[in-house]
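Residues per chain, in single letters:
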Amino acid sequence: MAAEEPNPEDLEIADELIAERRAEAPGETPEDMTPWQRPITAAIDVLNYRAGQLIALLMVPLIFVVVYEVLSRNLDSILIDAGFGGLAKALGLGPTLWVYDTSRMIAGVLWMAAAGYGLMRGVHIRADFLYRNWSDKTQATVDASLYLLFFIPSMIFFTVVSAQFWWLAYSTGETMQIDSAWGPLLWPARTAMPIGGFLLLLQGIPEIFRAFHKMGKDRERVFVRALPVYLIALVWLVLAIFAPDWVPGGEWFTDLMKARPGLDKATIGLIMLGAMLFVIFIGFPIAFTLIFLAFVFGIWGANFKLTTLLMTLNTNSTMLNDQLMAVPLFVLMGIVMESAGLMERLFSSIQMIMARVRGALFIAVLIVSTIFAAATGIVGASVTLLGIMAGATMSRAGYNVQLAAGTITAGGTLGILIPPSIMLIVMGPVLEVSTLDLFRGAFVPGAILASLYLLYTLGRCWINPDLGPILGEEDQPETSKYYGAEVALICLGVLTLCRIFGMGLGGTFGGVIPFGGLVVLAIAGAIAYAAYRNLSVLKIVLPIGILFHAFMLYQSLSAGIAIWPIAFFAFIVLLAFLARPIYGPDAAENFRFSDLWDEFFAGLMPPTILISFALGSILLGFATPAEAAAMGAFGAILLSVVYRKFTFASFFDSLVKALEITVLIMFLVAASNFFGAEFSALGTPRMMTEMLLGLDIAPFLILLLVMALIFLLGWPLEWVPIVLIVVPILLPTVAALDIHGLDRYDLMVWFGILVAVNLQTAWLSPPVALSAYFLKGVVPNWDLKDIYLGMMQFMVVQLVGLILLLIFPELVLWLPRVMGG
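Worth saying up front: this structure is predicted, and the values here are computed from it rather than measured.

Caption draft 1: Molecular detail of the pattern of salt bridges. On inspection of all chains with the given rule, the structure shows 16 salt bridges. Between Asp-45 and Arg-210 there is a salt bridge, with the nearest N and O atoms lying 2.2 Å from each other. Placement of Asp-45 in helix α1 (residues 37–56) and of Arg-210 in helix α8 (residues 192–215) is noted, with a sequence separation of 165 residues between them. Its relative accessible area of 1% is what places Asp-45 among the buried residues. Across the pair Asp-746 and Arg-817 runs a salt bridge whose closest N-O atoms are separated by 2.9 Å. Of the two residues, Asp-746 sits in helix α32 (residues 744–759) while Arg-817 sits in helix α35 (residues 810–819), which places them 71 residues apart along the sequence. Each of Asp-45, Glu-207 and Arg-210 takes part in a single network of salt bridges with overlapping partners.

The structure is reproduced here in structure tokens:
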């Protein structure tokens, strides 16, 4: 089956999940659309467009309140430790009660109220690998039918029930009580549920009219003639459910909904699962499919009251989930960093540094993609940006197209795994484990995969130098005679500063002077800069640095013999040996740090500092993922200001893009939670677990079957439906397995990372993988077949990494256990 190649102009690089966004401007309608439909379509489009623009601005106060909480709490702690508790009290510093609840209510309103905007912009995800191969007329017919049968009824149910839920909170003065120390009123946040549902319902009307226009006039007339009958049936259905006394047959319908099913509930759940797979693979937006099926089968298997209760409670809990609050903030951080142009400077500098090494551009791509993954977690942006930066240079340098394409797409997929991964944030509540532990668990596997990609590319270049030749003279930088000493000294300086930074985070200098970690790091940075600029200072500082590392080795060995401190010090000694030309008689004439290092640090330091503080604060437990995301977004905004890339227009555009991605993910999270709650209430997961565990199959083989299923589903589906629909179905079975002697919590963390690594295949598995189309869109002279073949090579490399994680779970669990005490 060949997939139709999307138009590169329609690709939106800000999000891997949005393959084709609607091209026409809001309010713009086709000239040949039926006249009476055009003003209705335009008016509703503009309404949702303006609503989305206003709602996007809520990200600004969301960032502000979270940053305020982090700074207030940490400054209070620092001042108290330094003996200035009175000053902290006078400034009103310290932990707050209101920020936690306020921030998660804002985050919930953000995506719920903008659901209609998301549909208007065409960003709700669908499994369209079958849909895209149909004719326009068939697509339009299916869309119109499913909107009329699925979308409109389910959105009416959602809007009415959520309005009742809001009225209950408003009339009783309901407050947050279970997980809130502040106890604010709930009704302001819950207002977003009926408003968002109503705007979403309204937007369904233009979508139906667009489908009518797309299917052609003859078929449109058939649908239009049937509309009066449809509307009468729809009104009767709604009244029969919510006001049965008002319509004939209402009481009968109420009794029908209360009737007990002839089938047992678990069997109804299996039918529900089959219906879900069938409708999803037709190509209708997944979130709306899940909501409708959950309503229908929930009423069939239980009753209307329980079904609506599960719907409102699950939507409300998703809105107020403090872990998911990090999603819009990390997305915004990545988009702002992308627009600031930091990655281009970093790539060009690494390319120049490695210019004399075979496969230099492969190295540059993988290093930049790893850093960009840690900064954004957005695959589409990574692949597109890397293709723009490296594609033309690789072609000009004679690099093998397949290996080049595979390197770019594989490097771009690291954003799925390396923290702060949006997928891991979403997966945490699904697995009922801490997102913090998932981040820690993903760190080593991410480094392993990046290393495997690097070893594979360099190994291929070593066997066949023609695959990645040394760059031509026009791409070679000007350096000193002792370029090897330059590289060794830069590596030595960076490693030393990183070690001091780590000691500061660990509190080594905190008891010496106030703000000890920052002060010592600033002094070390000033000394390093002086050595970088002056050869005489460098000659003095180098032996002092060696003595520092020798002292750290002594400290480590005093606690017991360990191989890593010895190996690290041996590497430091090797670097110092390579730097010995600076003491030669001709050093003053022939040694200098090349200008390329200025460009390197200008590109490296901003994202490194941002990642260190955002990601480091998460891994060390100093901040929650949501707090670190807010600080990261705030830092990215400051960096764009410093680099003179900030404009209000571009920032507003970044807010809107972040809102679109957030709506896409979070609405599907809420829909899948509702579907999963109904599915679990029917008892089907328990039945499936008992059936599988009753078979005479080893637990490890069952896990391999689960991994194989996820691997196969990764070809046609994106990670979102797999994580939110498939994983919860399989979770009870996996949780019951006895593998490697792991307890349930460790098993879930390990399983989560296995799923994350496995799901990278969604980006490396042709012909559906969007990575290929993103790359083809920016490097049009590369054949799609070569891109596919390159991606499949790295899919095999990725499977090697997955096998290592399956055999050695400590690769995942070591860091969470060490950092979690």
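Now that the structure has been shown, we can carry on.
Caption draft 2: Here's a closer look at the packing of aromatic side chains. What the rule picks out here adds up to 30 aromatic pairs. Ring centres of Tyr-453 and Phe-794 lie 5.6 Å apart, and the angle between their planes is 70°; this geometry places the pair in the edge-to-face category. One end of the pair, Tyr-453, is in helix α20 (residues 435–463); the other, Phe-794, is in helix α34 (residues 784–807), with 341 residues separating them in the sequence. On the accessibility criterion, Phe-794 (0% relative accessible area) is buried.

Caption draft 3: Molecular detail of the packing of helix α30 (residues 699–713) against α32. Contact geometry of α30 with α32 gives a least axis separation of 9 Å together with a crossing angle of 35°. Seen from above, α30 lies across α32 with right-handed handedness. Residue-level inspection shows Leu-703, Val-706, Met-707, Ile-710 and Phe-711 of α30 in contact with α32, the latter providing Trp-750, Phe-751, Leu-754, Val-755, Asn-758 and Leu-759. Among the residues forming the contact of α30 with α32, the class breakdown is 10 nonpolar, one polar and no charged.

Caption draft 4: Structural context of unusual backbone geometry. At Glu-432, a position not held by glycine, the phi torsion is positive, near 60°. In this fold, Glu-432 is placed in the loop between α19 (422–431) and α20. Despite not being glycine, His-740 shows a phi value in the positive range, around 55°. In this fold, His-740 is placed in the loop between α31 (719–735) and α32. Residue classification places His-740 among the partly exposed positions, given a relative accessible area of 42%.

Caption draft 5: Structural context of the nonpolar core. Counting 262 residues, the largest nonpolar core has Met-394, Val-426, Trp-750 and Phe-751 as the members making the most contacts within it. No other element matches the 19 residues that helix α28 (residues 648–681) contributes to this core. Setting aside residues no more than four positions away along its own chain, Val-426 makes contact with Leu-324, Val-327, Ile-665, Val-669, Trp-719, Val-723 and Leu-724. Counting residues in hydrophobic clusters, the runner-up holds five residues, among them Ile-500, Met-503, Ala-524 and Met-552.

Caption draft 6: Expanded view of empty space enclosed by the protein. If you walk through the whole model with that rule in mind, you get five cavities of 30 Å³ or more. In this structure, the largest cavity spans a volume of roughly 60 Å³. Trp-111, Met-112, Phe-158, Ile-291, Met-311, Thr-315, Phe-667, Ala-670, Ala-671 and Phe-674 are the residues that line the largest cavity. Counting only elements with at least two residues in the lining of the largest cavity, the list comes to α4 (98–113), α13 (304–319) and α28. Among the elements that line the lining of the largest cavity, the one with the most residues is α28, at four residues. Across the lining of the largest cavity, the residue classes break down as nine nonpolar, one polar and no charged. One number sums up the size of the second largest cavity: a volume of about 50 Å³. Where the lining of the second largest cavity is concerned, the elements lending two or more residues are α4, α13 and α28. In terms of residue class, the lining of the second largest cavity is made up of seven nonpolar, four polar and no charged.

The rules we used
- Residues numbered from 1 in each chain as written.
- Predicted model: local features only at pLDDT ≥ 70, side-chain atom pairs only at ≥ 80, totals over all residues.
- Heavy atoms only, no water.
- Salt bridge = Lys/Arg side-chain N within 4 Å of Asp/Glu carboxyl O.
- Helix = DSSP H or I, 4+ residues; strand = E, 2+ residues; numbered from the N terminus.
- Buried < 20%, exposed > 50% of the residue type's maximum accessible area, 1.4 Å probe, protein only.
- Phe/Tyr/Trp six-rings, centres within 6.5 Å; stacked < 30°, edge-to-face > 60°.
- Axes fitted to C-alpha atoms, helices over the stretch in contact; angles between N-to-C directions.
- Left-handed = near helix turned anticlockwise from the far one by under 90°.
- Contact = heavy atoms within 4.5 Å.
- Nonpolar A, V, L, I, M, F, W, Y, C, P; charged D, E, K, R; others polar.
- Core = buried A, V, L, I, M, F, W, Y, C linked by side-chain atoms within 4.5 Å.
- 1 Å grid on protein atoms, 1.4 Å probe; cavity = no way out; pocket = protein on both sides within 12 Å on 5 of 7 lines; lining within 4 Å.
- Points joined across faces, edges and corners; volume = space filled by probe spheres on them.

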